[in-house]
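# Chains, contacts and geometry: an overview
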Amino acid sequence: MTEFHTVRPIDNSRLVRVTPPNRLRELARLVALGALIGAGGLFYAWQHFACIQLGYQLESLKTEQSQATELNQKLKLEVAGLRSPSRIDAIARNQLGLTVPTAGQIAPFDSPSEAVLAELHAASSARAR
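Once a new chain begins, its residue numbering starts again from 1 and follows that chain's sequence as written. Predicted model: local features are reported for residues with pLDDT of at least 70 only, side-chain atom pairs are reported and counted for 80 or more only, and whole-chain, interface and lining totals are derived from all residues. For side-chain calculations, the full set of non-hydrogen atoms in the structure is used, while hydrogens and water are omitted.

## Description of the overall build of the protein chain
Heads up, the rule is: Strands are runs of DSSP state E lasting at least 2 residues, helices are runs of H or I lasting at least 4, and numbering of each runs from the N terminus. Think of it in three bands: residues with accessible area under 20% of the maximum for their type are buried, residues over 50% are exposed, and the middle band is partly exposed, with areas taken using a 1.4 Å probe on protein chains only. For the accessible areas, the method is Shrake-Rupley and the probe is 1.4 Å, while residue cover comes only from the protein chains on display.
A tally of helices and strands in the protein chain yields three helices and zero strands. Along the protein chain, from the amino end to the carboxyl end, the secondary structure elements read α-α-α. Out of the 129 residues in the protein chain, the part that is buried amounts to 1%. For the protein chain, the exposed surface amounts to about 12900 Å²; the carbon and sulfur share of it is 62%.

Right, here's the structure in full:
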């Protein structure tokens, strides 16, 4: 005997599955917890990479400071060499044609006493007013 199957269309479009309210609350809690954990992870990663970047900047600044210190030391040595009395004497004699002064060419300079300086400053400030 042969069997026949007939296909009957079933219309379930009018059926609605009711979701329990506690299931929606549980889902909302899980999403909020996941978002909180994700935000915490992103915040940690941001701080970690910022710390690494600051470390690189610190090393760069330390290198720059050591180079500046070296340059400062070289410049101090150069200034000391340029201020050398023997160098200044050689330039004065060779380039400018200066000679050592004789005994009659030197005249002592007498500076006024401090009281006289005080009077001069007081008088000049009175004139300025």
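Picking up after the structure, the text goes on.
## Overview of the environment of arginine 87
Residue placement: arginine 87 occurs in helix H2 (residues 85-94). Looking at arginine 87, the relative accessible area reads 35%, which means it is partly exposed.

## Some remarks on the pattern of salt bridges
Put simply, the rule is: A pairing counts as a salt bridge when a side-chain nitrogen of Lys or Arg comes within 4 Å of a carboxyl oxygen of Asp or Glu.
Throughout the structure, instances matching the rule amount to two salt bridges. A salt bridge links arginine 23 to glutamate 26; the nearest nitrogen and oxygen atoms lie 4.0 Å apart. Of this pair, arginine 23 and glutamate 26 both sit in helix H1 (residues 21-82), three residues apart, roughly one helical turn. Take arginine 23: its relative accessible area is 52%, and that puts it in the exposed class. Exposure remark for glutamate 26: the relative accessible area of 39% places this residue in the partly exposed category. For arginine 93, the salt bridge goes to aspartate 89, with nearest N and O atoms at 3.0 Å. Taken as a pair, arginine 93 and aspartate 89 lie in helix H2 at a separation of four residues, close to a single helical turn. The partly exposed category is assigned to arginine 93, whose relative accessible area is 41%.

## Quick word on a nonpolar patch on the surface
Put simply, the test is: For patch detection, residues must exceed 30% relative accessible area and be free of salt bridges, and they are connected within 9 Å for like charges or within 5 Å for nonpolar side chains (Val, Leu, Ile, Met, Phe, Trp, Tyr).
Taken together, Leu30, Leu33, Leu36 and Ile37 make up a surface patch of nonpolar side chains, about 440 Å² in accessible area. Mapped onto the elements, isoleucine 37 comes out in helix H1. Note on isoleucine 37: relative accessible area 60%, which makes it exposed.

## A closer look at the packing of aromatic side chains
What characterises a pair of aromatic rings is the spacing of the ring centres plus the angle enclosed by the ring planes. Using the following cut-off: The aromatic pairing rule takes the rings of Phe, Tyr and Trp, using the six-membered ring of Trp, and pairs them if the centres are within 6.5 Å, calling planes under 30 degrees apart stacked, those over 60 edge-to-face and the rest tilted.
Taken as a whole, this structure holds one aromatic pair when the rule is applied. Arranged with centres 5.9 Å apart and planes meeting at 35 degrees, the rings of phenylalanine 43 and tryptophan 46 form a pair that is tilted. Remark: tryptophan 46 and phenylalanine 43 occur in helix H1; sequence separation between them is three residues, near one turn of the helix. You can call phenylalanine 43 partly exposed: its relative accessible area is 46%.

## Describing the confidence of the model for the protein chain
Note the following rule: A residue's pLDDT is the confidence the predictor assigns to it, expressed on a 0 to 100 scale.
This prediction gives the protein chain a mean pLDDT of 86; 85% of its residues lie at or above 70. Mean pLDDT values for the elements of the protein chain range from 60 in helix H3 (residues 114-128) up to 96 in H1.

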